[in-house]
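Observations on the three-dimensional arrangement
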Amino acid sequence: MKPAASSPNAPNPASPDRKRKRPSRQISSSDAAKQQTLQSLFAGSQKPQSNTSPASPSSKRLKPETTTQSSTPSKALARAEMYTFASRSPVSTGNGVIDLTAGSPPSSPQVRRMNGAFKGRAGFNPQGGPKKLVVKNLKTNNTWDSKAYLEKIWGQLDAALAIIFKDGNDGFSKEDLYRGVENVCRQGGASTLFSRLEGRCRQHVERDVLAPLLEKAGSGNIAVLKAVLTEWARWKQQMATIRAIFFFLDRSYLLSSSKPTLAELTPQLFRELVFSHASLKPKTVEGACDLVGAERTGKQKLDQGLFRQVVDMFHELQTYSASFEPQFLGTTQQYVAEYSDTIIAEKSVPEYVALADASIASEMARCEEFALDASTRRDLLALLEDHFIVRKETDLADHEALAPLLDSGAITDLTALYALLDRRRLGNKLLPSFVKWVDESGTSIVFGKEDDMITDLLSLKQRLDLTWRTAFQRDEQLGHGLRETFETFMNKTKKGDATWGTDNTKVGEMIAKYVDQLLRGGAKSIPEVLTTRRASSINAPPKGVQLPTAAQIAEEENNDDDELDEDAEINSQLDQVLDLFRFVHGKAVFEAFYKKDLARRLLMARSASADAERSMLARLKTECGSGFTQNLEQMFKDIELAREEMLSYRQRLEERIGFEKGKNVDLSVNILSAAAWPSYPDLPVVIPANVKRAIDDFELHYKSKHTGRKLDWKHALAHCQMKATFRKGAKELVVSSFQAVAMLLFNGLAEDEQLSYNHILTESGLPEAEVKRTLQSLACAKLRPLTKHPRGKDINDTDTFSINLDFTHPKYRVKINQVQLKETKEENKETHIRVAEDRNFECQAAVVRIMKSRKTISHQELVSETIKATMSRGVLAVGDIKRNIDRLIEKDYMEREDGNMYSYIA
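Not measured: the values here are computed from a predicted model.

Moving on, we come to the overall build of the chain. Helix and strand content of the chain: 33 helices and 14 strands. For the chain, buried positions account for 41% of its 906 residues. When contacts within the chain are restricted to residue pairs at least 6 apart in sequence, those whose partners lie at least 24 apart make up 71%.

The following block contains the structure:
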């Protein structure tokens, strides 16, 4: 029978302080007897319909009552069959069920609660608990057959599946089929339905998908691959329709069970039945690899759409890592091994590097474009780098491969080569070949042409620094190797004519002469290859083209200003020279030649810039210490003191009565400290009378101020300015003292009168070598105030000389004094020999200091300590050190003991 509809009654009005009660429940029925029975059942618990008095605030809330209306059933059941209650009371049937039709037992007072909120109810026992109410189903039983319904629905589904597997979309209603699947699932037929669906799909794949593919298995790899892709796409489309129909089965049953969902079933069946077949799987995977292989070899362009579908299929079938990736990496390895071996044998190193970079970039771009797995990209990159870099490391870092790039200054190619090797942290493998090339190039410069030695070394240093910074990315090991190699070849010595049989380094001498050239000539004396003034007008070298000059390198370092002023340019050159100077061990050679050149510049006022002189001095003091520059600083102080002395002398002359200002001679004297300045030989010379009087007068003045001092005049260092009259006008000639003595002999001669060589030799009082040297500078040089008869470059004893009355020059003041600025071979030899002797004395002093501190020492340790102590001034050979030790033993500074030991003698 139908259940009666119930509606709650409205609650009775109550005062605001009254607690709300739930509405009471009323039961109405057309059956009077049944109504009476229910009323008698709940007689003890009925509530009056009238309003009740307000409840106490402390009382508990009463359970609301509801009213229920029931309609008359179509077929009434017996009263005994409708309601039964389980009870422990003695009034029950044998099975513990109380018959509600038998009346209700009287209620017991013990069941009432003390607060009055609970009324006694029939069938309730406080000790036994409530009785179980058993209500029998009031619906009539039907004869529904779920199996028959399942068969009916499956018939419809099977027919629809047949249409779907034939790629049809008509002949069935998806909505009706979905409802049927839902009903079957709700009736507990989900497991059976899935089993039949799986079997039907498996049957279709084996019969309609696999069989046609096996017929094409004899075709090519790519043809089989395309056929498999077609069937896979068709199978996915069919399963999409099936999944829509069986969606309720998928969500309600398969999702929570251990069986695969329809989304999982789609690739599972295809993978198990089609892809894993022995005739299809190899061809499918190899076909995908053949697509890439054809593009690598250049036979045909890669079909991007097809390859993307292949990769997606492998991912969807979950066979990418197990099947495709190993095969893909294997074919790639085979190709790369053959390709790398071929191009390394046929191509040059720059071409190989370019092809290797292109191949790696192409493979990585393909991985990114087609979304290959990260594991594939990682393993593929490792494979490519292993074959292109690690296995070809010897060929790439070979000296014969690197030397041409360094010779041509191919910065771009060197950058690419280092970047390729540095992919596997192998950039430092270039070190042996790099330092070998640097050593060979530097050694050839050091023992090559002396005039261009420093220019070539500076150019080489700038190029290599640029290569290290740009191409080698400031690699620490290559930088250390570069500096150590520079230090090695710059300190190589060879006893020969260049060093007059000594083991002095030639580099120190040439650095001193190059600095002298800069400080005398200024920015104009900087070689073209090293100048920075024109750096802004030189374009950067194109890709792969040799760096033509060091000017572009200087532009990279000094790109703040387009053009540098003269002082800044000189300072830049001095900094570069100082970089070379730091590598030189034998700094004593540099000191000796630098002191000589500085003396000439100071005495003859030939420095281009006083600021540049003091700047160089400050650099040397910072680099070598105050002890190195102590004498050099004293030389500058002597020049300042000499100026002050000459001011005092001139003031005294002006105060003297009847003074004729030195008989038309303006004398200037420099008082020098013998210990600070280089030693100069005393050459005999006949001084003109007026000059002699001026010298004697100054000597009297000086001795009157400084008692106990002796002046030693060095006429070879003197220079003067003298006026000469020629046919085309008067000139002021700047000459040396010896040149002036020779030219003054021609005063008072007729125009056609000549002086013989012997006459000049006798009257001047100079040594024969100095006379020839002086006359050659006056009569055989570019500027010739004298004429030699007969003409020629060499001075002979039979030659005669006359005034060149036709001498002319665009300037009024003409500098002819070039003799004193040039160093003679004798002077050079004397300097080298003196430095070598000083080095022996320094070596002996170092040995004595070591023995004094150690008292007893072995021979090997003594030699090692001596080398360390004398390295800054110049290291002797081991044989020379041993000879100095023997000299000290002879002088009783030390003695030899047993066991190759030495002991100090106090």
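Take the side chain of K788 next. Structurally, K788 is set in strand β9 (residues 786–789). For K788, the side chain forms a polar contact with the main-chain oxygen of P790, separated by 2.5 Å. At 3.3 Å, the side chain of K788 forms a polar contact with the side chain of D799. Ignoring any residue separated from it by four or fewer positions in sequence, one finds K788 in contact with A779, C780, D794, I795, D799, T800 and F801.

We now examine the pairing of strand β7 (residues 729–736). Among the eight residues in β7, six count as buried, and that is most of the element. Alignment of strand β6 (residues 719–726) against β7, held across eight bridges, turns out to be antiparallel. Residue pairing for β7: K723 is matched across the bridge by E732. Following β6, the chain reverses through two residues before pairing antiparallel with β7. With three bridges connecting them, β7 and strand β11 (residues 813–815) associate as parallel partners.

Glancing now at the confidence of the model for the chain. Across the chain, the average pLDDT comes to 79, with 77% of residues at or above 70. Scored below 50 in pLDDT, residues 533–554 shows 46 contacts in the model against residues more than four places distant or in partner chains.

This brings us to the pattern of salt bridges. Tallied over the entire structure, the rule returns 51 salt bridges. D886 is paired through a salt bridge with R896; the nearest N and O atoms lie 3.1 Å apart. Of this pair, D886 sits in helix α33 (residues 878–890) while R896 sits in strand β13 (residues 894–897); the two residues are 10 residues apart in sequence, bridging distant segments of the chain. For D886, a relative accessible area of 27% puts it in the partly exposed group. Classification of R896 as partly exposed rests on a relative accessible area of 46%. A single salt-bridge network, built from bridges that share partners, covers E295, R296, E363 and R366.

We now examine the sheet that holds β13. In space, the three strands of this open sheet follow the order β12-β14-β13, with antiparallel pairing throughout. The sheet is open, and its two edges are formed by β12 (856–858) and β13, each paired on a single side. On average, each strand axis in the sheet is inclined to that of its neighbour by 30 degrees, with strand direction left out of account. Pairing analysis gives three bridges linking β12 to strand β14 (residues 901–904), with the strands arranged antiparallel. Bridge pairing in β14 links S858 to M901.

The rules we used
- Residues numbered from 1 in each chain as written.
- Predicted model: local features only at pLDDT ≥ 70, side-chain atom pairs only at ≥ 80, totals over all residues.
- Heavy atoms only, no water.
- Helix = DSSP H or I, 4+ residues; strand = E, 2+ residues; numbered from the N terminus.
- Buried < 20%, exposed > 50% of the residue type's maximum accessible area, 1.4 Å probe, protein only.
- Contact = heavy atoms within 4.5 Å.
- Polar contact = N/O pair within 3.5 Å; in protein donor to acceptor, adjacent residues only side chain to side chain.
- Pairing = 2+ DSSP bridges.
- pLDDT = per-residue confidence, 0-100.
- Salt bridge = Lys/Arg side-chain N within 4 Å of Asp/Glu carboxyl O.
- Axes fitted to C-alpha atoms, helices over the stretch in contact; angles between N-to-C directions.

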